[in-house]
Amino acid sequence: VIFPVAQSSPMSEVRLRDARPADVPALDRLLTPAGGGEFNDFGERRKRSVAEPVASGTISSPDRGLLVVELVPERRVIGMVTWNPVMHGPNPESRCWNVGIALLPEDRGRGWGGPAQLAVARHLFANTDANRVEASADVDNAREHRALEKAGFAREGVLRGAQFRGGRWRDLVLFSLLRTDPAAEP
Ligand SMILES: CC(C)(COP(=O)(O)OP(=O)(O)OC[C@H]1O[C@@H](n2cnc3c(N)ncnc32)[C@H](O)[C@@H]1OP(=O)(O)O)[C@@H](O)C(=O)NCCC(=O)NCCS
């Protein structure tokens, strides 16, 4: 399954697709601190290979998911996007998605992170009933803040002490895109 991205950099276009066994080395690299970056480093939790879930087709489920970010026309894997449910009330209508991203170190700073996150948001609006997609980023992750803002996500505020990483509690900036926001239009 391929999800094209409307927005593109001048040089290459970014798109999302399901993970295949050939992607496992790149995906496993993204799960290491060196490959995924300090803001995705949650210690031991992230060290298990994705080989088995990719092979068995269980890396995505109705409740959470992972897609590979690839450049076209090169068809080179540059990263991955993920999503998890967040409940803002007990009823199914109040479930939104929190999306995450990791680009390989050599593919950061080229303007591809925002379009990839917009693409996963549009994919979730197209394939689920969610009204809201959110992304939370460490207060120190200025590059991610800028990438989300450029992609059309709205900055909402700071979640104090929300994430435990690297031995201490971290504040996160919360961003969102609503189904009705202009940027969400395919
Ligand atoms: C965060 C990430 C997705 C951003 O994607 P990207 O393609 O690298 O981002 P961009 O190239 O579009 O850069 C975004 C903006 O940040 C700016 N920027 C870069 N470093 C910055 C810094 N230290 N401070 C402020 N702004 C910075 C860039 O100038 C750019 O803005 P501009 O286009 O207006 O000049 C990507 O860098 C990444 O995967 N990082 C590691 C994993 C990570 O942090 N994931 C998010 C976890 S919540």
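Use the structure listed above.
In what follows, the accompanying structure is described. (Residues numbered from 1 in each chain as written. Predicted model: local features only at pLDDT ≥ 70, side-chain atom pairs only at ≥ 80, totals over all residues. Heavy atoms only, no water.)

1. Details of the side chain of Arg132
In this structure, Arg132 sits in strand 6 (residues 132–138). Here the side chain of Arg132 touches Glu134 through a polar contact of 2.8 Å, side chain to side chain. At 2.9 Å, the side chain of Arg132 and the side chain of Glu156 are in polar contact. Apart from residues no more than four positions distant in its own chain, Arg132 is found in contact with His88, Cys96, Trp97, Phe125, Glu156, Leu174, Ser176, Leu177 and Leu178. (Helix = DSSP H or I, 4+ residues; strand = E, 2+ residues; numbered from the N terminus. Polar contact = N/O pair within 3.5 Å; in protein donor to acceptor, adjacent residues only side chain to side chain. Contact = heavy atoms within 4.5 Å.)

2. Topic: the packing of aromatic side chains
Counting across every chain of the model gives one aromatic pair. Between Phe164 and Trp169 the ring centres are 5.0 Å apart and the planes differ by 65°, which places this aromatic pair in the edge-to-face class. With a relative accessible area of 55%, Trp169 lands in the exposed category. (Phe/Tyr/Trp six-rings, centres within 6.5 Å; stacked < 30°, edge-to-face > 60°. Buried < 20%, exposed > 50% of the residue type's maximum accessible area, 1.4 Å probe, protein only.)

3. Topic: the site of the ligand
As a structural note, the neighbourhood of the ligand is formed by 21 residues, with Leu103, Gly109, Gly113, Arg146 and Lys150 the closest of them. For the ligand, an oxygen atom lies 2.7 Å from a polar atom in the backbone of Gly109. Between an oxygen atom of the ligand and a main-chain N or O atom of Gly111, the distance comes to 2.8 Å. The protein chains hide 70% of the 950 Å² of surface that the ligand would expose on its own. Those elements giving two or more residues to the shell around the ligand turn out to be strand 5 (95–103), strand 6 and helix 5 (142–151). At six residues, the largest contribution of residues to the shell around the ligand is made by helix 5. Within the shell around the ligand, the residues separate by chemical class into eight nonpolar, seven polar and six charged. (Near = heavy atom within 4 Å. Areas by Shrake-Rupley, 256 points an atom, 1.4 Å probe, with all protein chains shown as cover. Nonpolar A, V, L, I, M, F, W, Y, C, P; charged D, E, K, R; others polar.)

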